[in-house]
Structures are given as structure tokens and as C-alpha cells.
Amino acid sequence: IKRVTTNTILDMKANGDKVSMLTAYDYSTARALDEAGIDVLLVGDSAANVFAGYETTLPITLDHMIYHASAVARGAKRALILVDLPFGEYQGTPEDAFKSAVRMMKESGAHALKLEGGVEILDNIKKIIDAGIPVCGHLGLTPQSINKFGTFGVRAQEEAEAEKLKSDALALQEIGCFAIVLEKIPAKLAKEVSESLSIPTIGIGAGNGCDGQVLVVNDMLGFTKDFKPKFLRRYMEMYDGIVEAAAKYAEDVKSGNYPNESEQY
Ligand code: KIV
Ligand code: NA
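Every chain begins its residue count from 1, and numbering advances along the sequence as written. Whichever chain is written first becomes A and whichever ligand is written first becomes 1, with later ones labelled in order. Owing to the predicted nature of the model, reporting of local features is limited to residues with pLDDT of at least 70; listing and counting of side-chain atom pairs is limited to 80 or more, with chain, interface and lining totals taken over all residues.

- If you check an unreviewed UniProt entry, the protein chain appears there as 3-methyl-2-oxobutanoate hydroxymethyltransferase from Sphingobacterium micropteri.
- UniProt positions are given in the numbering used here, feature names are shortened, and annotations may be inferred rather than shown by experiment. Its UniProt record, at the heading Subcellular location (unreviewed entry), says of the protein chain: "Cytoplasm".
- Database annotation for the protein chain, UniProt heading Function (unreviewed entry): "Catalyzes the reversible reaction in which hydroxymethyl group from 5,10-methylenetetrahydrofolate is transferred onto alpha-ketoisovalerate to form ketopantoate."

1. Structural notes on the environment of Lys184
Now for step 1: Along the polypeptide, Lys184 turns up in the loop between strand S6 (179–183) and helix H9 (187–196).
Now for step 2: The spacing of Lys184 and Gly153 is 31 residues in sequence and 7.4 Å in space, taken between C-alpha atoms.
Now for step 3: Contacts are defined on C-beta atoms placed from the backbone: any two residues whose C-beta positions lie within 7 Å are in contact. Those residues within four positions of Lys184 in sequence are excluded, and the remaining contacts are Gly140, Leu141, Val154, Arg155, Ile204, Gly205 and Ala206. Comment: elements are numbered from the N terminus, with helices defined as DSSP H or I runs of at least four residues and strands as E runs of at least two.

2. As for the UniProt feature "active site" (unreviewed entry) in the protein chain
Now for step 1: Mapped onto the present numbering, the UniProt feature "active site" (unreviewed entry) falls at Glu183.
Now for step 2: Note that Glu183 resides in strand S6.
Now for step 3: A count of 22 C-beta atoms within 10 Å places Glu183 in the buried class.
Now for step 4: Excluding residues within four positions of it along the chain, Glu183 makes contact with His138, Gly140, Leu141, Thr142, Ile204, Gly205 and Ala206. To assign burial, the other C-beta atoms lying within 10 Å of each residue's own C-beta are counted, with C-beta atoms placed from the backbone; 20 or more indicates buried, 12 or fewer indicates exposed, and intermediate counts indicate partly exposed.

3. Here we look at the domain arrangement of the protein chain
Now for step 1: Segmentation of the chain into domains, including their bounds, is taken from an automatic or database domain assignment. Domains assigned within the protein chain are domain 1 (6–234) and domain 2 (238–265).
Now for step 2: Once you take the C-alpha centre of each, domain 1 and domain 2 turn out to be 39 Å apart.

4. Describing the confidence of the model for the protein chain
Now for step 1: Per-residue confidence from the prediction method is given by pLDDT, with values spanning 0 to 100. Averaged over all residues, the pLDDT of the protein chain is 98; the fraction at 70 or higher stands at 100%.
Now for step 2: For this predicted complex, the interface confidence comes out at an ipTM of 0.99, alongside a pTM of 0.98.

5. Considering the nonpolar core
Now for step 1: Put simply, a nonpolar core is buried Ala, Val, Leu, Ile, Met, Phe, Trp, Tyr and Cys residues tied into one set by C-beta atoms within 7 Å. Formed by 67 residues in total, the largest nonpolar core has its most connected members in Leu41 and Ile81.
Now for step 2: By residue number, the principal contributor to this core is helix H4 (residues 62–75), which donates five residues.
Now for step 3: Apart from the residues within four sequence positions on either side, Leu41 is in contact with Leu22, Ala24, Ala30, Leu33, Asp34, Val72, Ala76, Ala79 and Ile81.

Structural data, given as C-alpha cells:
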């Protein structure tokens, strides 16, 4: 099996092939997604939400992210392992960002890192890329800035924010990012940005004009109960399936139906 690299991802854009990305936080899920042929496994800081139950992504630490990423890396033979640097670990000085990035690369098995933001963190991204670490940008709804935005609503609907996003995207490409995630922005803007870049855009709630798509795996499997934003397509109803299975198991234990003759030593 040939490993997907950042060069593979760049070639996909050049050839007009779409990039498939899903989040993963643990070994077993990573193994299944890798077998399914997902190109990129994103160890997202959305682990704070869907794995740990926090309201925002802010509380997750570098140590937590290293733990999730190393589990995912052990489960995937083909997929590129892309890992989020968490809030507070890269927005300070370029040296701080560099230290976080190096720790992640040494301790987790990550192949590339994702950082939220544009021009504000350009020097920090450059410092990481200069050390030979591939970086994926993330623009639009950047959840680590939820306290600035106030809502998880669609971003860049107004001219000024759209213009800033376009120039941020070009700056990220210029500095050497290999891809950019575009989260929850108008499809028309995402298409325009995608067509203006030679590096691929990976959309989530950003329409069909992006060069690839990403979803939170718990969301697309229907594991996050009652989370049904417009952009989400649910490919399973996993939450309901688990409730059904667990209830059946409880019933079997109570009735003495489990274990049976062939299920004991
Ligand atoms: O953490 C995450 O899941 C992400 C994706 C939504 C892009 O950053
Ligand atoms: Na994230």
C-alpha cells in the first residue's frame, strides 16, 4: 500500500481529483476509514466536542491531541495523518508554535499539521513549514475563535470578511501551505477561492466547488445525536444502532439469555 503524502494531495488538485477527508480520534475508527480508502484522516480538535463532550474546542490540550493522533496513526497504513494544533499552542510567538509542532511530529506519528487562521499567524506557520513540517490552513468558521464570533453560523457573508478570506488564502498558499480547509462559508466564495489557488481547498459546509470535502466522522455516521446542520449528510444512524444493541444486550443479560452454551468455556 502506497502512503498518501502531501504531494499526492497536490497532484490530486492538478489532476482534478477530489480529496476525501474524515476526522478520526481512535485506532479502531482509523483502521476502518483507512480500509475504506479515505485519503486523509484528520485528528481534529473536534475531539473536544464529540469525544470529550465539551461545548467548544478550546479545552483540549497538546497532550490530549498527541494521544488521539498516535492512536489514529497506528490504525492507518495508507491515509495521510493530519493533526490539529489545539488552541493556545501556536498563536503566541513563532518559537512557541514551532515547539508545539515539533512535539506533535515527534510524539504522534502525524504527517502534517492544521492551524486555524490567516495573516495573524503567518510568521508562525512559516517557522513550522521551514522546519520541514507540512501545514494545512483553516479559514472561514475557525472554531477556536468561537468567543470572537459568538456563534457557529456561516462566515464571510459580508464583503469585508470575504475579501480578507480571499487574501488570507493566497497568503497561506504563498507561504507554502499544501492545502486549506474552508469551513462554513458561502459556496460561491469557496468556489472562487478554490479556482484562484493551485493548492487544494477542503470544504466543510462550503459547497461543491471545493477540491475535497471533510466531515466529522461522528456526525456523518449519525453518532452525534440531534446534530443535523444543513451541510451534513448522515451515512448511518449509529447512535440509534448503539441504543438498540445496548438495550438488547441488557435485556439478554437480565433474562439469562446471554451467554448461552456456545458462548462459555
Ligand atoms: O476539528 C475538526 O473536526 C476540524 C474539521 C471540522 C475541519 O477542524
Ligand atoms: Na479543528
